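Given next are the chains, with one letter for each unit.
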Amino acid sequence: MSKNQHHRLNYIELSVTDLAAAQAFYSGAFGWEFNSYGPEYAGIVGSDGNEVGGLLQVPEPKPAGGPFVLLYSDDLDGSVAAVTAAGGTVVNGPYGFPGGRRFHFTDPSGNELGVWASS
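These lines cover the structure that appears in this document, whether it is placed above or below. If you're wondering where the values come from, they're calculated on a predicted model, not measured in any experiment.

## Focus on the sheet that holds strand β8 (residues 112–117)
- Taken in spatial order, the 4 strands of this open sheet run β5-β8-β7-β6, and their pairing is mixed. Each edge of the open sheet carries a strand with a single partner, namely β5 (69–72) and β6 (89–97). Taking each pair of neighbouring strands and ignoring which way they run, the sheet shows an average axis angle of 20°.
- As paired elements, β6 and strand β7 (residues 100–106) share 6 bridges and run antiparallel to each other. Bridge pairing in β7 places Tyr-95 opposite Arg-102.
- Where helix α1 (residues 19–30) meets the sheet, it contacts β5, β7 and β8, and its direction lies at approximately 160° from that of β7.

So, in structure tokens, the structure goes:
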């Protein structure tokens, strides 16, 4: 099976106001690694070694709204602790929903993402 599939979600890009701070946050909170493409862009490396997204430095944060990114966690409470220790802010939850539990957080650039667990 090829890496790229027709009409399948393939890559997610987050706009950030400080590329170094964003890399430090996501590395500290989730262990993400990056490919550097200069002072304004870093590719997010997935666990399989392929790029799954990127961080794009912009002069000011984008307004709220748009697609909502959710990450999965085997340890939701541990993820809450890692997000806050890395400098993120929990803005909702953790709370239960029919599929498990989840929380929402903002990163240092103000992007809101979520993390969920099946239990």
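## Observations concerning the side chain of Ser-15
- With respect to the helices and strands, Ser-15 occurs in strand β1 (residues 12–16).
- Take Ser-15: its relative accessible area is 11%, and that puts it in the buried class.
- For Ser-15, the contacting residues outside a window of four places in its chain are Leu-56, Val-58, Lys-62, Ser-109 and Asn-111.

## Some details on unusual backbone geometry
- Put simply, Gly-93 and Pro-94 share a cis peptide bond, and its omega is 5°.
- Tracing the chain through its elements places Pro-94 in strand β6.

## Description of the nonpolar core
- Among the nonpolar cores identified, the biggest contains 22 residues, and Tyr-26, Phe-34, Leu-55, Phe-103 and Phe-105 are the most heavily contacted of them.
- Residue assignment for this core shows that the elements contributing at least two residues are β1, α1, β3 (41–45), β5, α2 (76–85), β7 and β8.
- Excluding residues within four positions of it along the chain, Phe-34 makes contact with Gln-23, Tyr-26, Ser-27, Ala-42, Gly-43, Ile-44, Val-45 and Leu-55.

What counts, and at which threshold
- Residues numbered from 1 in each chain as written.
- Predicted model: local features only at pLDDT ≥ 70, side-chain atom pairs only at ≥ 80, totals over all residues.
- Heavy atoms only, no water.
- Pairing = 2+ DSSP bridges.
- Helix = DSSP H or I, 4+ residues; strand = E, 2+ residues; numbered from the N terminus.
- Axes fitted to C-alpha atoms, helices over the stretch in contact; angles between N-to-C directions.
- Contact = heavy atoms within 4.5 Å.
- Buried < 20%, exposed > 50% of the residue type's maximum accessible area, 1.4 Å probe, protein only.
- Core = buried A, V, L, I, M, F, W, Y, C linked by side-chain atoms within 4.5 Å.

Shape is all these values report; function is a separate question.
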